Amino acid sequence: MATRGGWVRRGAIGAVVVICLLGLAALFAPYVYAELMAPLNPHAITDPQPAVLAKGHMVDDYFAVEPIGPATFAIGEPRYYQQNYAYLIIGQKRAVLFDSGSGTRDIGPVVRSLTRLPVTVIVSHLHFDHLGGIGAFGKLDMIDLPQTRADFDHGRLHPKRYEFMGFEDGLATPSPTVEAWLKPGESLDLGGRSLAVLSTPGHTPSSVALYEPAAHRLFIGDFIYPTTLYAFLPGASLSAYRATTKRLLADLPGDTILWTAHCCRVGEGIAAPWLGMRDVRDLDLTLSRLQAGQLHATGFYPRRYPVNHEMTIETGFPWNNP
Ligand SMILES: [Zn+2]
């Protein structure tokens, strides 16, 4: 039979264990939250209802195809729970598909219905909702950074667990062939049309954007989009986010339109999601005030801050989201 002193000692040990576990959870919050996100937020992958589009037309009752400029198409997945948008940019010699879709349906036939030219796939980043459809192509061009080279072995890219994050939806990580390495700042010639490859860390360290100088058009991925920006997952960095906003503001014309990867704009219904440089300025201001400790968050983890009427940003704790 335990004495009173024994119970007190056990209680104290239990309290120390709980405090240590909470400390570890706070220290590794991006990873803990990533692991808990799916069980805490059960969701259907595909909305069973047909999508009602504000622009474009449906293909195969799943993909939304919307011309957004000459030989330029948004290919959306409005019934997918994350409402992703990929972009097909067609030149005279070849086309670039920016993001391969989630892989919930095969995006290959839609792409082939829009161009017969060779298609180069470049993904905005390695998360499963952007790389999941790469199986339709099997290969991609990859930004040449130390962290992407670290994933490269025997001609293939092997994204790590927290780079692909497919465990959220029970997806196996793909290992596509890397056809070419792209230097940050490199210009891609599509034939009569060129795109600049930009390194845009923040959401993830190896995030990429494509800029079309002739059209003042930026394909930006998940760095910025209407609704809620995720700056709290493993690899996200607020200082990298801020450095990228400052660089975009310094380098791009004020009338640049940003074509983003998640739908939708406030009050516009389901259509390819876009933002302007004013939204980049608003994000930059929010990040500077956030880093100066001038903003109050709502929520414990992730911590949510308003940006403007189109966006909020969710961050981690200062010590694991520097
Ligand atoms: Zn995404």
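Scoring rules and cut-offs
Residues numbered from 1 in each chain as written. Predicted model: local features only at pLDDT ≥ 70, side-chain atom pairs only at ≥ 80, totals over all residues. Heavy atoms only, no water. UniProt positions renumbered as here; feature names shortened; annotations may be inferred. Axes fitted to C-alpha atoms, helices over the stretch in contact; angles between N-to-C directions. Helix = DSSP H or I, 4+ residues; strand = E, 2+ residues; numbered from the N terminus. Left-handed = near helix turned anticlockwise from the far one by under 90°. Contact = heavy atoms within 4.5 Å. Nonpolar A, V, L, I, M, F, W, Y, C, P; charged D, E, K, R; others polar. Phe/Tyr/Trp six-rings, centres within 6.5 Å; stacked < 30°, edge-to-face > 60°. Core = buried A, V, L, I, M, F, W, Y, C linked by side-chain atoms within 4.5 Å. Buried < 20%, exposed > 50% of the residue type's maximum accessible area, 1.4 Å probe, protein only. Domains from an automatic or database assignment. Donors = N, O, S within 2.8 Å, 3.2 Å for Na, K, Ca; no water. Tetrahedral: all angles 85-135°; square planar, octahedral: opposite > 155°, others 65-115°. Pairing = 2+ DSSP bridges. Buried area = accessible area lost by both parts, 1.4 Å probe. Right-handed = clockwise from strand over helix to strand, strands pointing away.

- Where an unreviewed UniProt entry is consulted, the protein appears under the name MBL fold metallo-hydrolase, with the organism given as Phenylobacterium montanum.
- Turning to the protein, the UniProt annotation filed under Sequence similarities (unreviewed entry) states: "Belongs to the metallo-beta-lactamase superfamily. Class-B beta-lactamase family."

### Thoughts on the packing of helix α7 (residues 238–251) against helix α8 (residues 277–291)
In a packed pair of helices, the relevant descriptors are the angle between the two axes and the axis-to-axis distance.
In step 1: Interaxial distance between α7 and α8 falls to 9 Å at its minimum, and their mutual angle equals 145°. Judged by the twist between their axes, the crossing of α7 over α8 is left-handed. Between α7 and α8, the contacting residues are L238, S239, Y241, R242, T245, K246, L248 and L249 on the first element and M277, V280, R281, L283, D284, L287, S288, L290 and Q291 on the second.
In step 2: For the contact of α7 with α8, the per-class residue count stands at 9 nonpolar, 4 polar and 4 charged.

### A word on the packing of aromatic side chains
In step 1: Taken as a whole, this structure holds 15 aromatic pairs when the rule is applied.
In step 2: Measuring from ring centre to ring centre gives 6.4 Å for F128 and F164, while their planes differ by 75°; the resulting arrangement is edge-to-face. Here the residue F128 occupies a position in helix α4 (residues 128–131), and F164 occupies one in helix α6 (residues 161–164), the gap between them amounting to 36 residues.
In step 3: When the ring of Y301 is compared with that of F317, the centres are 5.1 Å apart and the planes differ by 55°; the resulting orientation is tilted. In this pair, Y301 sits in the loop between α8 and β18 (303–308) while F317 sits in the segment after β19 (311–315), placing the two residues 16 residues apart along the sequence.

### Points about the nonpolar core
In step 1: Counting residues in each nonpolar core, the largest one holds 61 residues, and the members touching the most others are Y87, L210 and F219.
In step 2: The element that contributes the greatest number of residues to this core is strand β4 (residues 85–90), accounting for 6 residues.
In step 3: If you count residues domain by domain, this core takes at least three from each of domain 1 (1–41) and domain 2 (65–320).
In step 4: The next biggest cluster of nonpolar side chains, apart from the first, holds 26 residues, and it includes F223, V280, Y305 and V307.

### Re the coordination of the zinc ion
Expected angles at a metal are 109.5 degrees for tetrahedral coordination by four donors and either 90 or 180 degrees for octahedral coordination by six donors.
In step 1: In this structure, D129 (OD), H130 (NE2), D222 (OD) and H262 (NE2) serve as the protein donors to the zinc ion, at separations of 2.0 to 2.2 Å.
In step 2: Taken together, the 4 donor atoms surrounding the zinc ion define angles of 89 to 169° at the centre, an arrangement classified as irregular.

### Some remarks on the UniProt feature "domain: Metallo-beta-lactamase" (unreviewed entry) in the protein
In step 1: UniProt records the feature "domain: Metallo-beta-lactamase" (unreviewed entry) for residues 83–262 in the present numbering.
In step 2: Annotation note: span residues 83–262, helix share 18%, strand share 32%, distance between end C-alpha atoms 6 Å.

### Quick word on the sheet that holds β19
In step 1: The strand order across the open sheet formed by 3 strands is β15-β19-β18, and the pairing between neighbours is mixed. Each of the sheet's edge strands pairs with one partner strand only, and the pair in question is β15 (227–231) and β18. Averaged over all pairs of adjacent strands, the angle between their axes in this sheet comes to 25°, without regard to strand direction.
In step 2: Pairing of β15 with β19 involves 5 bridges; the strand directions are parallel. Along β19, the bridge assignment pairs A231 with T315.
In step 3: Against the sheet, α8 makes contact with β15, β18 and β19, and its axis sits at roughly 140° relative to β18, the strand it touches most.

### Description of the pairing of strand β2 (residues 63–69)
Strand residues, when the strand is regular, have side chains that alternate between the two faces of the sheet.
In step 1: With 5 of its 7 residues buried, β2 lies for the most part within the structure.
In step 2: Pairing between strand β1 (residues 57–59) and β2: 3 bridges, direction antiparallel. In the sheet register, M58 faces β2, and the bridge partner there is A64.
In step 3: Where β1 folds back on β2, the antiparallel hairpin that results is connected by 3 residues, among which D60 adopts a positive phi of roughly 60°.

### Considerations on the domain arrangement of the protein
In step 1: Taken domain by domain, the protein comprises domain 1 (1–41) and domain 2 (65–320).
In step 2: With centres defined by C-alpha atoms, the gap from domain 1 to domain 2 works out at 37 Å.
In step 3: Taken together, the contact pairs 11 residues of domain 1 with 13 residues of domain 2.
In step 4: A combined buried area of about 1100 Å² lies between domain 1 and domain 2, and 66% of that area is made up of carbon and sulfur atoms.
In step 5: Of all residues in domain 1, P30, Y33 and E35 give up the largest surface area on contact with domain 2, accounting jointly for 41% of the area buried on that side.

### Examining the pairing of strand β6 (residues 119–122)
In step 1: Here strand β5 (residues 95–98) runs beside β6; their pairing, made up of 4 bridges, is parallel. Within the sheet, the bridge partner assigned to F98 lies in β6 and is I122.
In step 2: Handedness of the crossover joining β5 and β6 through helix α3 (residues 108–114): right-handed.

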